[in-house]
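One letter stands for each residue in the lines below.
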Amino acid sequence: MSYVDEIYARVVEQNPGENEFHQAVKEVLDSLKLVIDANEEKYRKVALLERLVEPERVISFRVPWVDDNGQVQVNKAYRVQFNSAIGPYKGGLRFHPSVNQGILKFLGFEQTFKNSLTGLPIGGGKGGSNFDPKGKSDREVMAFCQSLMTELYKYIGKDQDVPAGDIGVGAREIGYLYGEYKRITGLYEGVLTGKGLTYGGSLIRTQATGYGLVYILDEMLKNNGKELSGKTVLVSGSGNVAIYAVEKVHELGGKVVAMSDSNGYIYDKDGIKLDIVKDIKEVRRGRIKEYVDAVPTAVYTEGKGIWTIPCDIALPCATQNELNLDDAKALFENGCFAVAEGANMPSTREATDFFVEKKMLFMPGKAANAGGVATSALEQSQNSQRLSWTAEEVDAKLKGIMVNIFAKADDAAKRYGVAGNYVAGANIAGFEKVVEAMMAQGVV
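Within each chain, residue numbers correspond to sequence positions counted from 1 in written order. It should be noted that, the model being predicted, local features are given only for residues of pLDDT at least 70 and side-chain atom pairs only at 80 or more, the latter also being counted only at that level, while totals for whole chains, interfaces and linings use all residues. By convention in this description, side-chain values take in all heavy atoms of the structure and omit both hydrogens and water.

- As recorded by an unreviewed UniProt entry, the chain carries the name Glutamate dehydrogenase and is attributed to Hungatella hathewayi WAL-18680.
- UniProt positions are given in the numbering used here, feature names are shortened, and annotations may be inferred rather than shown by experiment. UniProt lists a comment for the chain under the heading Sequence similarities (unreviewed entry), and it reads "Belongs to the Glu/Leu/Phe/Val dehydrogenases family."
- Taken verbatim from the UniProt record of the chain, the Subunit (unreviewed entry) comment is "Homohexamer."

Shown next, in the form of structure tokens:
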């Protein structure tokens, strides 16, 4: 049995029921087999892979809080500090009913390589709770955030672990969390990113993941003799990532014709009117189906199916495993030639393999959606320097980082004889930096 197969079997045995974590480890290790096989003896001697797939620390705790009816509620929360070889842990907090330890381990594992690709000194981590902010009053969200921080503050800090937002954690939640951290510790430091602009936040942070996705998509297209201008694009999701990906696609001359949420999807053949989507999602916190009330020529369809719409480019920006093999085949048969992932692992393993096999241009999430964490790290830099950069400065740095990530993935794929396979390229490029740091630091 190869070293890769041994380690994967070990992960499954020692982490029962954590299917997303198993999937992430298998995808990464399979694509790294070329590198690992070439260095097997060296890596085995220091148990490199055993250390790489095991989080350095997992913190699990309860969060009791009082709702508006005076009833005490209790949620579970976690912080997975996965790998600090190249810097303090960095990764979002997710508030969603689906959150469990396995999902956060998958996200923390992916984050380690994603953060490595940015070229910035940040390690991998992730956290969150099964608390659902939907339908909760501001007071209830504040009560939950304050209770969560009374435990979490012990394990985070500007040089230790710097959480950010993720699904269910936006500016409101970050504000409450930061206020409580500051009250407990007496420290005014860059310990959370995604903060409001009045208390240390960075311009472009809200737009960063969506913009970064389109910057790397544009770079991938250019390097393969294609362009975004004039192309028809599908974007799943309608949160921050999706909204600002649509904004940047339109800016660069593409036309987005469909968006979705967890209930269904809209199709607007004339191109999505983003101001209407922003009003529904950012102002009213409504559902995507309300779009057809404002645009009667658009069509709303309940359930899944957004990937059956003919397009040139697909940008899955909703959640993990939303795009399966049947969806991948439908995209290919309808003329789609490029896919870039705005969410974390939104394509199943079978879908990813299909994209690679058909030689479609495919950029995996750990490279394509790294713009958010990159700009979070830029926010940390501004906090450390007590400076605030202009939107133009941050956007230029973000674009430079995304162009460099493409170059690293492209170069690694070519060096290992799999040119054009950006899944392998991104994993190899992220892995090389983390491993070099781990080897240099000894057995820790």
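So that's the structure; there's more coming.
### What about the pairing of strand 1 (residues 57–66)?
Here comes step 1: Each pair of strands is called paired provided DSSP finds at least two bridges between the two strands. Numbering of helices and strands runs from the N terminus; a helix is a DSSP stretch of H or I covering at least four residues, while a strand is a stretch of E covering at least two. Pairing between strand 1 and strand 2 (residues 72–83): 10 bridges, direction antiparallel. What sits directly across from Ser-60, in strand 2, is Tyr-78.
Here comes step 2: Counting the residues between successive antiparallel strands, the hairpin from strand 1 to strand 2 contains 5 residues, one of them, Gly-70, with a positive phi of roughly 85 degrees.

### Some thoughts on the sheet that holds strand 3 (residues 89–95)
Here comes step 1: If you trace the 5 strands from one edge of the open sheet to the other, you get 1-2-4-3-5, paired in mixed fashion. The sheet terminates laterally at strand 1 and strand 5 (161–165), the two strands that pair on one side only. Neighbour-to-neighbour, the strand axes of the sheet open up by a mean angle of 20 degrees, direction not taken into account.
Here comes step 2: Alignment of strand 3 against strand 5, held across 5 bridges, turns out to be parallel. Bridge pairing links Leu-93 to Gly-165 in strand 5.
Here comes step 3: Contact criterion: two residues are considered in contact whenever any of their non-hydrogen atoms come within 4.5 Å of each other. Fitting a line to C-alpha atoms yields each axis, with helices limited to the stretch in contact; the angle taken between N-to-C directions then spans 0 to 180 degrees. Lying on the sheet, helix 7 (residues 138–152) is in contact with strand 1, strand 2, strand 3 and strand 4 (123–129); it crosses strand 1 at an angle near 140 degrees.

### Some remarks on the packing of helix 16 (residues 371–385) against helix 17 (residues 391–415)
Here comes step 1: Relative to each other, helix 16 and helix 17 sit at 135 degrees, their axes nearing to 10 Å. As judged from the angle between their axes, helix 16 and helix 17 are oblique. Where helix 16 crosses over helix 17, the handedness of that crossing is right-handed. Judged by residue contacts, Gly-371, Ala-374, Thr-375, Leu-378 and Gln-382 of helix 16 engage Val-394, Lys-397, Leu-398, Ile-401 and Met-402 from helix 17.
Here comes step 2: Of the residues that constitute the contact of helix 16 with helix 17, the class distribution is 6 nonpolar, 3 polar and 1 charged. An angle below 35 degrees is read as roughly parallel, one above 145 as roughly antiparallel, one from 65 to 115 as roughly perpendicular, and any other as oblique. Here a crossing is called left-handed whenever its near helix is offset anticlockwise from the far helix by less than a right angle, and right-handed whenever the offset is clockwise. Residue polarity is assigned by list, with Asp, Glu, Lys and Arg as charged and Ala, Val, Leu, Ile, Met, Phe, Trp, Tyr, Cys and Pro as nonpolar; anything else, Gly included, falls into the polar class.

### As for the nonpolar core
One broad trend across soluble globular proteins is that nonpolar side chains are buried collectively.
Here comes step 1: Ranked by size, the top nonpolar core spans 99 residues in total, and within it Leu-315 and Phe-431 carry the most contacts.
Here comes step 2: Take this core: its biggest share by element is 10 residues, from helix 18 (residues 422–440).
Here comes step 3: The contacts of Phe-431, once residues within four sequence positions are left out, are Leu-32, Val-35, Ile-36, Tyr-43, Leu-48, Leu-49, Leu-52 and Phe-113.
Here comes step 4: Joining through side-chain atoms within 4.5 Å is the link that ties buried Ala, Val, Leu, Ile, Met, Phe, Trp, Tyr and Cys residues into a set, and such a set is a nonpolar core. Here the term buried applies to any residue with accessible area under 20% of the maximum for its type, exposed to any over 50%, and partly exposed to those in between, with areas from a 1.4 Å probe on protein chains only. Val-63, Phe-131, Leu-192 and Tyr-199 belong to the second largest nonpolar core, which has 24 residues in total.

### A few points about the pattern of salt bridges
Here comes step 1: In the sections that follow, a salt bridge refers to a side-chain nitrogen of Lys or Arg positioned within 4 Å of a carboxyl oxygen of Asp or Glu. Evaluated as defined, the whole model comprises 30 salt bridges.
Here comes step 2: Asp-138 is the partner of Arg-172 in a salt bridge, and the nearest nitrogen-oxygen pair spans 2.8 Å. Note that Arg-172 is positioned in helix 8 (residues 171–185) and Asp-138 in helix 7, a separation of 34 residues in sequence.
Here comes step 3: Residue Arg-172 is joined to Glu-173 by a salt bridge in which the shortest nitrogen-to-oxygen separation is 2.9 Å.
Here comes step 4: The network of salt bridges with common partners includes Lys-26, Asp-30, Arg-349 and Asp-353.

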